[in-house]
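Spelled out from the first residue to the last, the chains are:
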Amino acid sequence: MGRSASIIIGILVFLIGCTATSPYLEPLREEKVPEGKEYITVYARPIYTMGWFSEDKKRYGIDLSSYFSAFDIKIVNKTNRTVNFDKSKAGLIDSTGATYAPLGEGEGVEYYKSGGLGSDKAIVVLPKSRKIAEEDIERIRKIIFPDRANIEKGGEKSGIILFKKLREESCKGITLKIRGITIEGSEVEKEFEFRFVCPDK
């Protein structure tokens, strides 16, 4: 009886700890760089860290896809004024219409600690040693795009925007909206939209 109970508990913990990874995404179209002397360009690239030969896994040193849907964002300021970015206004929309808000640094760390399950789960399983978990958390803090950023004229800013994991069944069409970009002296917000799809959907 005791042995049977331990086996059942072991299976439950294993199932809770093994969550699906974020799906692989491909862009639906190539974004064109605007022409002219003054412009703002935003580049967005989905990150996928699964597989032995993942370049993203080597680059960031952490398996982000097991915990998040992540995007490498670069904002290039080719205007003659400072550009401001409020990350909280960005959003990720899945094929069901559900909208995901970007995670702040603290939220990203807590979501990582939950194993990508979210804070509504009663049991948290981190199948890693404390040392490795602490190293991962430090990497997250290092690479995440700040909540607010100021990009000086002629400059650029790069970082990772993290979202809660997309579900495989909802990635027939994914839209990433980068909003909250303003030019100093203007209240008009600029919006950049990127579309992705799971290649097998």
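Overview of the structure. Owing to the predicted nature of the structure, the values given are computational and were not obtained by experimental measurement.

Scoring rules and cut-offs
- Residues numbered from 1 in each chain as written.
- Predicted model: local features only at pLDDT ≥ 70, side-chain atom pairs only at ≥ 80, totals over all residues.
- Heavy atoms only, no water.
- Pairing = 2+ DSSP bridges.
- Helix = DSSP H or I, 4+ residues; strand = E, 2+ residues; numbered from the N terminus.
- Axes fitted to C-alpha atoms, helices over the stretch in contact; angles between N-to-C directions.
- Phe/Tyr/Trp six-rings, centres within 6.5 Å; stacked < 30°, edge-to-face > 60°.
- Buried < 20%, exposed > 50% of the residue type's maximum accessible area, 1.4 Å probe, protein only.
- Lys NZ or Arg CZ within 6 Å of the ring centre and 35° of its normal.

1. Focus: the sheet that holds strand β2 (residues 40-47)
As summarised here, the arrangement of the 3 strands in space is β2-β3-β8, forming an open sheet in which the pairing is antiparallel. The open sheet is flanked by β2 and β8 (156-164), the only strands paired with a single partner. Taking each pair of neighbouring strands and ignoring which way they run, the sheet shows an average axis angle of 20 degrees. Two elements, strand β3 (residues 68-77) and β8, share 9 bridges in a ladder whose sense is antiparallel. Across the sheet, residue D72 finds its bridge partner in β8, namely I160.

2. A closer look at the packing of aromatic side chains
Summed over the entire model, instances satisfying the criterion amount to 6 aromatic pairs. Considering the side-chain rings of F71 and F163, the 6.0 Å spacing of their centres and the 80 degrees angle between planes classify their relative orientation as edge-to-face. Of the two residues, F71 is situated in strand β3 and F163 in strand β8; the sequence distance between them amounts to 92 residues. Each of the two residues, F71 as well as F163, counts as buried. Aromatic pair F85 and F145: ring centres 5.4 Å apart, planes at 85 degrees, arrangement edge-to-face. Note that F85 is positioned in strand β4 (residues 83-86) and F145 in the loop between α4 (130-143) and β7 (148-151), a separation of 60 residues in sequence. Each member of the pair F85 and F145 is classed as buried. Sitting over the ring of Y43, K74 keeps its end group 5.2 Å from the ring centre.

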